[in-house]
Amino acid sequence: MGRMILCTSDKARIPYVFPVSEAKVYTIEELCYYIYHNIYEITLDCFNEKLVTWLKNELGMDTIAKKLHNMIEAESGLKDRVISIMCSCDYYTEEDIKALLHIISDMENMPYHGRMKTKADYLMKYGKYALAKRTYDKILDSGFAVNLSPAEYGDILHNRSIACFYTGAYAEAIQGFKDAYSRNNNPETLRHYLHALLLNSEKEKYENEILRYEIGGDEAKRIVDELSDAFVRAENSAEYKELVKIFRYGKEDKAYRYAEAKLEGWKRQYREGNI
């Protein structure tokens, strides 16, 4: 159930847009609410000079804007920056803020690979697959990787392989799922591996792997059916239907404009490292 945000401060004409999630907020109360309910996704990048400018120009909060700017210059930690924002209005109680700071302390005490995995999973959640893949690579290429259990290492490989698949690195994704399963023994990873083979039109290899992993007939059929169902859901999606409508019934120039807009969007995301 949602919560009504009662705002007593000024409302911005232009919203502040959070990095990665691209969530938009228009008031200081909305800013605090977003931070409070997404604390595991909040990083130092959220408290940037764009936020300083937004606080000053859109909300007229010169004092807090200057304070945050000084913190950025001094390379202050996440906890200090969160406090400066959360205490700038009366939306949350002192007990609420103390509880939030306790969570941040727990996050700061996480091992390196734990913090990096949290960041990478966050990027995956919002479709920033190239950035997520690079973050997973930092974990696996670091000296900290030796501290991972086989299951933890396999789970990171699994997520990295999903990022590979979404960025078009199909062969790398397939091998990644296979390597991940050899470590984590997770049935979900095995299903992803077999789905990836089918999606990459490697039917013969898929059939060989079904035998190799001793997958029964019912389970093999379920794997194929899952993929078929996914195709059906995709074809029934509003975006797909709109695309078909444009190319089937729309004027040629409209179809080309739609395609060009999509391509420009993908190019922008690629330049930003988001796909």
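A brief look at the structure comes next.

What counts, and where the lines are drawn
- Residues numbered from 1 in each chain as written.
- Predicted model: local features only at pLDDT ≥ 70, side-chain atom pairs only at ≥ 80, totals over all residues.
- Heavy atoms only, no water.
- Helix = DSSP H or I, 4+ residues; strand = E, 2+ residues; numbered from the N terminus.
- Buried < 20%, exposed > 50% of the residue type's maximum accessible area, 1.4 Å probe, protein only.
- Contact = heavy atoms within 4.5 Å.
- Phe/Tyr/Trp six-rings, centres within 6.5 Å; stacked < 30°, edge-to-face > 60°.
- Lys NZ or Arg CZ within 6 Å of the ring centre and 35° of its normal.
- Polar contact = N/O pair within 3.5 Å; in protein donor to acceptor, adjacent residues only side chain to side chain.
- Core = buried A, V, L, I, M, F, W, Y, C linked by side-chain atoms within 4.5 Å.
- Axes fitted to C-alpha atoms, helices over the stretch in contact; angles between N-to-C directions.
- Parallel < 35°, antiparallel > 145°, perpendicular 65-115°, else oblique.
- Left-handed = near helix turned anticlockwise from the far one by under 90°.
- 1 Å grid on protein atoms, 1.4 Å probe; cavity = no way out; pocket = protein on both sides within 12 Å on 5 of 7 lines; lining within 4 Å.
- Points joined across faces, edges and corners; volume = space filled by probe spheres on them.
- Nonpolar A, V, L, I, M, F, W, Y, C, P; charged D, E, K, R; others polar.
- Disulfide = S-S within 2.5 Å.

1. Remarks on the overall build of the chain
Stage number 1. Tallying secondary structure elements over the chain gives 14 helices and two strands in all.
Stage number 2. The 275 residues of the chain split such that 39% are buried.
Stage number 3. Summarising the internal contacts of the chain: among those between residues at least 6 apart in sequence, 52% fall at separations of at least 24.

2. Quick look at the packing of aromatic side chains
Stage number 1. In the structure shown here, the tally under the stated rule is twelve aromatic pairs.
Stage number 2. Ring plane angle 5 degrees and centroid distance 4.3 Å describe the contact between Tyr 129 and Tyr 166, whose orientation is recorded as stacked. Pair noted here: Tyr 129 is in helix α7 (residues 129-141) and Tyr 166 is in helix α8 (residues 150-166), with a separation of 37 residues, a long-range link.
Stage number 3. Residue class for Tyr 166 comes out exposed when judged on its relative accessible area of 55%.
Stage number 4. Following the ring pairs from residue to residue traces out a cluster consisting of Tyr 16, Phe 18, Tyr 34 and Trp 54.
Stage number 5. Lying over the aromatic face of Tyr 26, Lys 11 brings its terminal NZ or CZ to 5.4 Å of the ring centre.

3. Some details on helix α4 (residues 78-86)
Stage number 1. Among all positions of α4, only Leu 78, Arg 81, Val 82, Ser 84, Ile 85 and Met 86 are buried.
Stage number 2. Where the residues of α4 are buried, they touch α1 (28-37), α2 (49-57), α3 (62-73) and α5 (94-108).

4. Observations regarding the environment of Tyr 206
Stage number 1. If you trace the backbone, Tyr 206 turns up in helix α11 (residues 203-212).
Stage number 2. The contacts of Tyr 206, once residues within four sequence positions are left out, are Leu 194, Leu 197, Leu 198, Ala 220, Ile 223 and Val 224.

5. Examining the side chain of Ser 84
Stage number 1. Along the polypeptide, Ser 84 turns up in helix α4.
Stage number 2. A polar contact of 2.6 Å, which involves the side chain of Ser 84, links it to the backbone oxygen of Arg 81.

6. Topic: the nonpolar core
Stage number 1. Within the largest apolar cluster, 35 residues are counted, with the highest numbers of intra-cluster contacts made by Leu 31, Ile 35, Phe 47, Leu 55 and Ile 85.
Stage number 2. The leading source of residues in this core is α1, at six residues.
Stage number 3. Apart from residues no more than four positions distant in its own chain, Ile 85 is found in contact with Ile 28, Leu 31, Cys 32, Ile 35, Phe 47, Leu 55, Ile 64 and Leu 68.
Stage number 4. In terms of nonpolar packing, the next biggest core, distinct from the first, is built from 34 residues, Leu 123, Ala 132, Leu 140 and Leu 157 among them.

7. A few points about the packing of helix α10 (residues 187-199) against α11
Stage number 1. At a minimum axis separation of 8 Å, α10 and α11 run at an interaxial angle of 155 degrees. Considering the angle they form, α10 stands roughly antiparallel to α11. Like other packed secondary-structure pairs, α10 and α11 cross with a definite hand, here left-handed. Here Tyr 193, Leu 194, Leu 197 and Leu 198 of α10 lie close against α11, whose contacting residues are Lys 203, Lys 205, Tyr 206, Glu 209 and Ile 210.

8. Examining the layout of surface pockets
Any empty space left between the atoms is revealed when a probe the size of a water molecule rolls over them.
Stage number 1. Volume-wise, the largest pocket comes out at about 480 Å³.
Stage number 2. Residue lining of the largest pocket: 23 residues in total, with Val 17, Phe 18, Pro 19, Asp 45 and Asn 48 positioned closest to the centre.
Stage number 3. Those elements giving two or more residues to the lining of the largest pocket turn out to be β1 (16-17), α2, α6 (112-125) and α7.
Stage number 4. In the lining of the largest pocket, the residues fall into twelve nonpolar, five polar and six charged.

9. Thoughts on the state of the cysteines
Stage number 1. Applying the stated criterion across every chain, the model contains zero disulfides.
Stage number 2. Here Cys 89 stays free of any disulfide, with the sulfur of Cys 32 as its closest cysteine sulfur at 3.7 Å.
Stage number 3. The class for Cys 89 is buried, based on a relative accessible area of 12%.

10. Focus: unusual backbone geometry
Stage number 1. Non-glycine residue Val 20 carries a positive phi angle of around 70 degrees.
Stage number 2. By the secondary structure assignment, Val 20 is in the loop between β1 and β2 (24-25).
Stage number 3. On the basis of relative accessible area, Val 20 is assigned to the partly exposed category, the value being 21%.
Stage number 4. A positive phi angle is found at Glu 75, which is not glycine, with a value near 55 degrees.
Stage number 5. Assignment of secondary structure puts Glu 75 in the loop between α3 and α4.
Stage number 6. Under the relative-accessibility criterion, Glu 75 is labelled exposed at 70%.

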